[in-house]
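In case you want the letters, here they are:
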Amino acid sequence: QVQLVESGGGLVQAGGSLRLSCAASGGFGSLNTMGWYRQGPGKQRELVADITSGGSTTYADSVKGRFTISRENAKKTVYLQMDNLKPEDTAVYYCKVVLTFNRAFWGQGTQVTVSS
């Protein structure tokens, strides 16, 4: 199985930047697709970005051009670089990974707050 530990959240002013990290540990052969989700106040959880084991990426339209997802397989870590942050980006951000046989694992969540 996989345990995911997130870090890098915090309070930032509009226009600022943050980088989220998600480190994986546990018994598994390899990490497949990993994604970042977020849930704002009074909203449903939504996909922000994901990245395949081969490096192909997908972004929500609302973050395209501002956020960048990447991974370092040797460190078993996935990142989300967030630039030009907006107040509407305020949410709890969750890391998710899907292994073989459709096994999904979630991080504990990290709070991102963007002030206007």
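Residues numbered from 1 in each chain as written. Predicted model: local features only at pLDDT ≥ 70, side-chain atom pairs only at ≥ 80, totals over all residues. Heavy atoms only, no water.

Engineer: I'd like to hear about unusual backbone geometry, residue by residue, with values.
Structural biologist: Although it is not a glycine, K76 sits at a positive phi angle of roughly 50 degrees. By the secondary structure assignment, K76 is in the loop between strand 7 (67-72) and strand 8 (77-82). Despite not being glycine, N102 has its phi angle at roughly 60 degrees, a positive value. Tracing the chain through its elements places N102 in the loop between strand 9 (91-98) and strand 10 (104-106). (Helix = DSSP H or I, 4+ residues; strand = E, 2+ residues; numbered from the N terminus.)

Engineer: Would you mind going over the side chain of E6 in detail, with residue names and values included?
Structural biologist: Assignment of secondary structure puts E6 in strand 1 (residues 3-7). No salt bridge forms around the buried E6; measuring N to O, its nearest opposite-charge neighbour R45 is 8.1 Å away. At 2.7 Å, the side chain of E6 forms a polar contact with the backbone nitrogen of C95. What E6 contacts, discounting residues up to four positions off in sequence, is S21, C22, W36, Y93, Y94, C95, G107, Q108, G109 and T110. (Buried < 20%, exposed > 50% of the residue type's maximum accessible area, 1.4 Å probe, protein only. Lys, Arg positive; Asp, Glu negative; His and termini not counted. Salt bridge = Lys/Arg side-chain N within 4 Å of Asp/Glu carboxyl O. Polar contact = N/O pair within 3.5 Å; in protein donor to acceptor, adjacent residues only side chain to side chain. Contact = heavy atoms within 4.5 Å.)

Engineer: Tell me about the environment of G107, and please be specific about residues and values.
Structural biologist: Within the secondary structure, G107 sits in the loop between strand 10 and strand 11 (110-115). Among the residues examined, G107 registers a relative accessible area of 11% and is labelled buried. Along the chain, G107 and A23 lie 84 residues apart, while their C-alpha atoms are 9.1 Å from each other. Dropping the residues within four chain positions of it, G107 is found in contact with L4, E6, Y94 and C95.

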